Amino acid sequence: MSKITESARDKECQVRIPGICNGNSKTVVWAHANSLQFGKGIGMKTHDLLGAYACQLCHDAYDRRIRTHHEREFIERCFLEGHMKSLRILIEEGLVKP
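The model shown is predicted, which means the values in this text are computed figures rather than measured ones.

So, the overall build of the protein
The helix and strand inventory of the protein stands at three helices and two strands. Counted from the first residue to the last, the protein has its helices and strands arranged as α-β-β-α-α. Taking all 98 residues of the protein together, 41% fall into the buried category. A separation of at least 24 residues holds for 65% of the contacts in the protein among residues at least 6 apart in sequence. For the protein, the accessible area works out to roughly 6200 Å², and carbon and sulfur atoms hold 54% of it.

Description of the state of the cysteines
The final tally for this structure, using the stated rule, is zero disulfides. Cys21 takes part in no disulfide bond, and the closest cysteine sulfur to it belongs to Cys13, at a distance of 3.8 Å. The class of Cys21 is partly exposed, set by a relative accessible area of 28%. Among the cysteines around Cys78, which has no disulfide bond, Cys58 carries the closest sulfur, lying 7.5 Å off. By relative accessible area, which is 7% here, Cys78 ends up buried.

Some details on the environment of Arg88
By secondary structure assignment, the location of Arg88 is in helix H3 (residues 72–92). Considered as a pair, Arg88 and Pro98 are ten residues apart in the sequence and their alpha carbons are 9.2 Å apart.

Section: the packing of aromatic side chains
Here the structure, examined in full by the defined rule, presents two aromatic pairs. Here Trp30 and Tyr53 contribute two aromatic rings whose centre-to-centre distance is 4.9 Å and whose plane-to-plane angle is 80°, an arrangement assigned as edge-to-face. In this pair, Trp30 is assigned in strand E1 (residues 29–32) and Tyr53 in strand E2 (residues 51–54), connecting sequence segments 23 residues apart. Here Trp30 matches Tyr53 in class, with each residue buried.

With respect to the pairing of E2
Burial along E2 is two-sided: Gly51 and Tyr53 facing one way and Ala52 and Ala54 facing the other are all buried. The pairing of E1 with E2 spans four bridges and is classified as antiparallel. Directly across from His32, in E2, lies its bridge partner Gly51.

Here's the deal with the pattern of salt bridges
Two side chains with opposite charge may pair up if their charged atoms get near one another. Taken as a whole and assessed by the stated rule, the structure comprises eight salt bridges. Measuring nitrogen to oxygen at the nearest pair gives 3.1 Å for the salt bridge that ties Glu93 to Lys11. Of this pair, Glu93 sits in the segment after H3 while Lys11 sits in the loop between helix H1 (3–6) and E1; the two residues are 82 residues apart in sequence, bridging distant segments of the chain. The class of Glu93 is partly exposed, set by a relative accessible area of 42%. Under the relative-accessibility criterion, Lys11 is labelled buried at 16%. A salt bridge links Glu76 to Arg72; its shortest N-O distance comes to 3.0 Å. Remark: Arg72 and Glu76 occur in helix H3; sequence separation between them is four residues, near one turn of the helix. Relative accessible area serves as the criterion here: at 21%, Glu76 is assigned to the partly exposed category.

Reading the values: rules and limits
- Residues numbered from 1 in each chain as written.
- Predicted model: local features only at pLDDT ≥ 70, side-chain atom pairs only at ≥ 80, totals over all residues.
- Heavy atoms only, no water.
- Helix = DSSP H or I, 4+ residues; strand = E, 2+ residues; numbered from the N terminus.
- Buried < 20%, exposed > 50% of the residue type's maximum accessible area, 1.4 Å probe, protein only.
- Contact = heavy atoms within 4.5 Å.
- Areas by Shrake-Rupley, 256 points an atom, 1.4 Å probe, with all protein chains shown as cover.
- Disulfide = S-S within 2.5 Å.
- Phe/Tyr/Trp six-rings, centres within 6.5 Å; stacked < 30°, edge-to-face > 60°.
- Pairing = 2+ DSSP bridges.
- Salt bridge = Lys/Arg side-chain N within 4 Å of Asp/Glu carboxyl O.

Read these as layout, nothing more, since geometry by itself doesn't imply function.
Have a look at this one:
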């Protein structure tokens, strides 16, 4: 496990999909971007930098493990906004250098 993925412990969800996010920091993990354009493949995760702090339910919605009433594009936008907020946290904590 990398320092980035380990850093998710007790963080706030940054993806925050309305009506989905459980707000429980105990369930937050480092969710990797899941698109081929970001390097995801069969049996391969994207680079750790391409992720976001996400609670279990936001992560499940992003990875399509649960159905939501939101359009896919909206969930993608929530993830990308969460990614940017998460990167800022990583920089502030010294885990990533700008």
